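Inside the fold
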Protein chains: 2
Amino acid sequence: MAAPILVFGHKNPDNDAISAAVGYAYLKNELARRNGEDVVYEACRLGGFPPETKKILADRGIEEPRRIDGVGEGDKVILVDHNEALQSADGIEAAEIVEIVDHHRLGGLVTAQPLRFNAMPVGSTSAIVVREFGICNVELPKGLAALLLGAMLTDTVIMKSPTTTDFDRKVIAATAEYVGVDPVEYGMEIFKCRSNPAELPVEKIVNADAKEFELANGNKVYIGQFETVDLQAVLGREAEIREAIKALVAEKGYQFVLFFATDILAEGSQFIVEGDVDFVNDTFGIDATGKSVWMPGVLSRKKQVAAPILAHA
Amino acid sequence: MAAPILVFGHKNPDNDAISAAVGYAYLKNELARRNGEDVVYEACRLGGFPPETKKILADRGIEEPRRIDGVGEGDKVILVDHNEALQSADGIEAAEIVEIVDHHRLGGLVTAQPLRFNAMPVGSTSAIVVREFGICNVELPKGLAALLLGAMLTDTVIMKSPTTTDFDRKVIAATAEYVGVDPVEYGMEIFKCRSNPAELPVEKIVNADAKEFELANGNKVYIGQFETVDLQAVLGREAEIREAIKALVAEKGYQFVLFFATDILAEGSQFIVEGDVDFVNDTFGIDATGKSVWMPGVLSRKKQVAAPILAHA
């Protein structure tokens, strides 16, 4: 038996990155069994668990995916929930990417060989994974359905994010019915099992769901999001957060670091920026120099934060 | 009604590039009608017709797609059978790519927004398009099925190319049965309706199915393939072909131009190279300096020619 094909989401994994990897590895193993192929797929993760993911895995008796820190020559991998080398495992250049399942913009990856690339402009990668179960006619176990439903709900901020499409609403409704829960109640429960931001180490807040991006000028930036039902607890720690992201700018040479805390009840985000704050000010027409700024309606990093920054000349 | 969304394959279109565009535009229009969306998709092409495409379109009473030479700001486009800017319409950087259907390696495209990317490592884009009709439960008209079957057969060299997968064989068998033809006989007929290479202008031979690639060093190369049932007629014109590709090296500054004539009956290809011939010699362990070289078993540009060249340090 050859080494397993590793299935993983991006660094600083969120609930969708880990859940989609677990779901897709299960599907691929079922398909391999059906086709009599001597190959095994293993779900992995490139970082610690978000608290909600750990809880749902435990509640549903699903094995925790193994943490890996890098890949290398000879490894075959499937990327889920990302397609940019910067956001992937260390050593990804040397590995063979055999498949990608994603819902983000194209990030410039080059491969020597053709591969399966299954991307859709929808609210979560987990919704694409659920669709594949249907297309391939593979039965989705109830526990796994609950895990994937949780990821669809956190990634779409309980369908409030502007990234939510009719496709997401349909898949969420059908999966919630199959699992036997109300999607909005189930989503609120999941958000509540996140840790109290007043008690978390500041590094956990800043890096909970953060990604590197490369601007057209070649400089790197770091954009972190922290979704919460208790924005005041996060803002009570603004000075600490500002110190932490200032240190990241200095250490990693980022053009800027933009951290934003998203209040999923009030439906908006508070921006905290260090480094080249003018770039962010110009992009959004705000003044975030030395102070945090409330951005009503901003819920999606991808569509409302990263896209305008990457499009900004 | 907004401007149509343009659906097109690569420059120097082959049978698959045009047929897949026609098939996919039809499918998208049917889906838009079903969903009550006020949008129209128009199949286009970035070059002249291969003779077999023109004949099948006429035989089956399918409207010829319009030729376009470029796109620009404000255009929405769907790329089929390619995903590299170099092989796409002039001005593609300014257009909005809303979808990609392809079976080639990833070529480094960057977008600001997420999009539908449907790539599979299979023998033709037309096979992926036929699969989508099934997934979306849209009836495939018989004439369009004959067009897409022709493209599946030319792109896989009647299933002899090493790019041919079990998936291709299944889709070809099912489509041939639906159309009511024997796939091998139908494929041979299609190859025979290509023009006699003794009579074609040399530019038509050299550019019939040629693509630009960018090496890791940033230099561009041009790789052209001419599939034929009459290799001797092509080789009788080697001196002319050599002059034509030498002129391309000089005009376009290519590191090299590799032209190869593929004999689909003998199942191999004859290489003719100008420019940095040593690079090609090193890649394949041959001596093509000043003379053409027979490469037994080489039928696929993608898998057996472009991939080793792009992987060559």
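Identification of chain A as inorganic diphosphatase from Slackia faecicanis is taken from an unreviewed UniProt entry. In the Cofactor (unreviewed entry) part of its UniProt record, chain A is described as follows: "Mn(2+)". The heading Catalytic activity (unreviewed entry) in the UniProt record of chain A holds the text "diphosphate + H2O = 2 phosphate + H(+)".

Time to look at the sheet that holds strand β10 (residues 220-228) of chain B. Residues and elements named next belong to chain B. Read across the sheet, five strands follow the order β9-β10-β11-β12-β13 without closing on themselves; strand pairing throughout is mixed. The open sheet has two free edges, formed respectively by β9 (210-214) and β13 (293-296), since each of these has just one partner strand. This sheet shows a mean twist of 25° between the axes of neighbouring strands, independent of strand direction. In this structure, strand β11 (residues 256-263) lies alongside strand β12 (residues 268-275), joined through eight bridges in antiparallel fashion. Bridge pairing in β12 places Ala 261 opposite Gln 270.

Turning to the sheet that holds strand β1 (residues 5-8) of chain B, a few remarks are in order. Sheet strands pair by backbone hydrogen bonding; their relative direction is either parallel or antiparallel. Read from one edge to the other, the open sheet built from 12 strands follows the order β3(A)-β2(A)-β1(A)-β4(A)-β5(A)-β8(A)-β8(B)-β5(B)-β4(B)-β1(B)-β2(B)-β3(B), with strand pairing classed as mixed. The sheet is open, and its two edges are formed by β3 (66-67) of chain A together with β3 (66-67) of chain B, each paired on a single side. Those strands touched by helix α1 (residues 15-34) of chain B are β1, β2 (41-45), β4 (76-80) and β5 (96-102) of chain B, and its axis lies near 175° from that of β2(B). Along the sheet, helix α3 (residues 125-136) of chain B contacts β8 (116-119) of chain A together with β4, β5 and β8 (116-119) of chain B; its crossing angle with β5(B), the most-contacted strand, is approximately 100°.

Okay, the packing of helix α10 (residues 277-284) of chain B against helix α11 (residues 301-311) of chain B next. All names here are of chain B. Packing of α10 against α11 leaves a shortest axis separation of 10 Å and a crossing angle of 105°. When the axis of α10 is compared with that of α11, the two are roughly perpendicular. Here Phe 279, Thr 283 and Phe 284 of α10 come into contact with α11, specifically with Gln 304, Val 305, Pro 308 and Ile 309. Here the contact of α10 with α11 is built from residues that sort into five nonpolar, two polar and no charged.

Turning chain A through 180° and shifting it by 0.0 Å along the axis lays it on chain B, with an RMSD of 0.0 Å. Such a combination of rotation and displacement between the chain copies is what one expects of a two-fold axis. It is A:Gly108 whose C-alpha, among those of chain A, lies nearest the rotation axis, at 1.9 Å. Residue by residue, 100% of the interface of chain A is reproduced at the interface of chain B, so both copies engage with the same surface.

Rules and cut-offs
- Counting restarts for each chain: residues are numbered from 1 in the order of the written sequence.
- Each chain is given a letter, starting from A, and each ligand a number, starting from 1, according to the order in which they appear as written.
- Totals for whole chains, interfaces and linings use all residues, but because this is a predicted model, local features are given only for residues with pLDDT of at least 70 and pairs of side-chain atoms are given and counted only at 80 or more.
- Side-chain metrics rest on all non-hydrogen atoms present in the structure, leaving aside hydrogens and water.
- UniProt positions are given in the numbering used here, feature names are shortened, and annotations may be inferred rather than shown by experiment.
- What makes two strands pair is DSSP finding at least two bridges between them.
- Secondary structure is summarised from DSSP: a helix means a run of H or I of at least four residues, a strand means a run of E of at least two, and numbering begins at the N terminus for each.
- Here, axes are lines fitted to C-alpha atoms. For helices the fit covers the stretch in contact, and angles between N-to-C directions go from 0 to 180 degrees.
- Whether two residues touch is decided by their heavy atoms; if any such pair falls within 4.5 Å, the residues are in contact.
- An angle below 35 degrees is treated as roughly parallel, one above 145 as roughly antiparallel, one from 65 to 115 as roughly perpendicular, and anything else as oblique.
- Three classes are used, and their members are as follows: Ala, Val, Leu, Ile, Met, Phe, Trp, Tyr, Cys and Pro are nonpolar, Asp, Glu, Lys and Arg are charged, and the others, Gly among them, are polar.
- Our superposition of the copies is a least-squares fit, built on the C-alpha atoms of residues whose pLDDT is at least 70 in both.

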